[in-house]
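# Close look at the chain arrangement
As a plain string of letters, each chain reads:
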Amino acid sequence: HATCVQFFSPAVFSSGEILEAFKTEKEVEKIYRLFSCLDAIVMGIGILEEHLSTIRKLGYIDTHTLERFKANGAEGDIALQYFDNKGNTKAFSEHNSCVAGIRIETIHNIRYRIGVTSGQEKAKAVLAAINGDFINVNCAGEILRLSETE
């Protein structure tokens, strides 16, 4: 049994301070309280290739920032928040702190963390998400193990 709750909000705020003020709104506070009740989360895993980056295509990040993140070792993003090949987020904390929604650090508290993606070009980002323990339900790994036993 699951319940879907819509969270209509700007995705990225111009500063962490503005986001924190937004989070004090009564209806928004309700949404943020729900994050601590999650048993499972299904999330997309993005990459930094400009022509494939949904975040870039939607204008949440500009080309210059995307290139800077790449130079700082960014490998992928989950919930619009970036991480490197080990799953570390520190180098991207200025940007990540401006993103509305579940904090990437909070994801670790959720029992079932399922990453969804497509395309071989995202393999490194998926591995980085596994390294960061952002996903713990490895459907691809299970499918490969099943195919080896048949």
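Residues numbered from 1 in each chain as written. Predicted model: local features only at pLDDT ≥ 70, side-chain atom pairs only at ≥ 80, totals over all residues. Heavy atoms only, no water.

## Comments concerning the nonpolar core
Stated precisely, the cut-off is as follows: Nonpolar cores were defined as sets of buried Ala, Val, Leu, Ile, Met, Phe, Trp, Tyr and Cys residues, with membership established by side-chain atoms within 4.5 Å. Burial classification: accessible surface area is computed with a 1.4 Å probe over protein chains only, and a residue below 20% of its type maximum counts as buried, one above 50% as exposed, and the rest as partly exposed. By the criteria applied, helices consist of DSSP H or I runs no shorter than four residues and strands consist of E runs no shorter than two, each listed in order from the N terminus. When checking whether two residues touch, look at their non-hydrogen atoms; a contact exists if any pair is within 4.5 Å.
Grouped together as the largest cluster of nonpolar side chains are 22 residues, with contacts concentrated most on I78, F83, I107 and A129. At the level of elements, α2 (26-34), β1 (40-44) and α6 (123-131) are the ones that each hand at least two residues to this core. Other than its neighbours up to four places away in sequence, I78 contacts M43, G44, I45, F83, I104, I107, A129 and F134. Counting eight residues, the second largest nonpolar core, distinct from the first, contains I55, I61, F69 and A74.

## Observations concerning the packing of aromatic side chains
Each aromatic ring pair is described using two quantities: the centre-to-centre distance and the angle formed by the ring planes. Spelled out, the test is: To pair, rings of Phe, Tyr and Trp, with the six-membered ring standing in for Trp, must have centres within 6.5 Å; the planes then decide the type, stacked if under 30 degrees apart, edge-to-face if over 60, and tilted in the middle.
On inspection of all chains with the given rule, the structure shows six aromatic pairs. The interplanar angle of 40° and the centroid separation of 5.0 Å between the aromatic rings of F13 and F22 together place this pair among those described as tilted. Accessibility expressed as a relative area gives 12% for F13, which makes it buried. Here the aromatic residues F7, Y32 and F35 are joined through ring pairs into a cluster of three or more.

## Description of α6
Going by this rule: This arc describes the spread of directions from the helix axis toward the C-beta atoms.
Residues of α6 that are buried: A125, A128 and A129. Seen from one end, α6 has its buried residues packed into an arc of 100°, which puts them on one side. Each element contacted by the buried residues of α6 is listed here: β2 (74-78) and β3 (81-84).

## Here's the deal with the layout of surface pockets
Keep this limit in mind: Detection works on a 1 Å grid of protein atoms alone, calling trapped sets that fit a 1.4 Å probe cavities and calling open sets with protein on both sides within 12 Å along at least five of seven lines pockets, with lining residues defined by an atom within 4 Å of a point. Grid points are joined across faces, edges and corners, and a volume is the space filled by probe spheres set on the points. Amino acids outside the nonpolar list (Ala, Val, Leu, Ile, Met, Phe, Trp, Tyr, Cys, Pro) and the charged list (Asp, Glu, Lys, Arg) are all regarded as polar, and Gly is one of them.
Its boundaries defined by the atoms lining it, the largest pocket holds a volume of some 1,100 Å³. Lining the largest pocket are 38 residues; nearest its centre among them are V5, F35, I41, V42 and I102. Among the elements of the structure, α2, β1 and α3 (54-57) are those that each provide at least two residues to the lining of the largest pocket. The element best represented in the lining of the largest pocket is β1, accounting for five residues. Looking at the lining of the largest pocket, its residues break down into 25 nonpolar, ten polar and three charged.

## Remarks on the pattern of salt bridges
Heads up, the condition is: For this document, the term salt bridge refers to a Lys or Arg side-chain nitrogen within 4 Å of an Asp or Glu carboxyl oxygen.
Under the criterion given, the structure shown has six salt bridges. K23 is paired through a salt bridge with E20; the nearest N and O atoms lie 3.2 Å apart. K23 sits in the buried class, given a relative accessible area of 19%. Here R56 and E50 are joined by a salt bridge, their closest N and O atoms 3.2 Å apart.

## Comments concerning the pairing of β3
Where we set the bar: Any two strands between which DSSP finds at least two bridges are classified as paired.
Of the two faces of β3, the one holding Q81 and F83 and the one holding Y82 and D84 are both buried throughout. Pairing of β2 with β3, which is carried by four bridges, proceeds in the antiparallel orientation. When the bridges of β3 are listed, G76 appears paired with F83.

## Regarding the environment of F35
Within the secondary structure, F35 is located in the loop between α2 and β1. The exposure class assigned to F35 is buried, which follows from its relative accessible area of 17%. Counting along the chain gives 67 residues from F35 to I102, while the straight-line C-alpha distance between them is 6.6 Å. Those residues in contact with F35 that lie beyond four places of it in its chain are G101 and I102.

## Things to note about the environment of V42
Mapped onto the fold, V42 is located in strand β1. Residues V42 and R113, spaced 71 residues apart in sequence, show a C-alpha to C-alpha distance of 6.4 Å. Contacts of V42, omitting those with residues within four sequence positions, involve I114 and V116.

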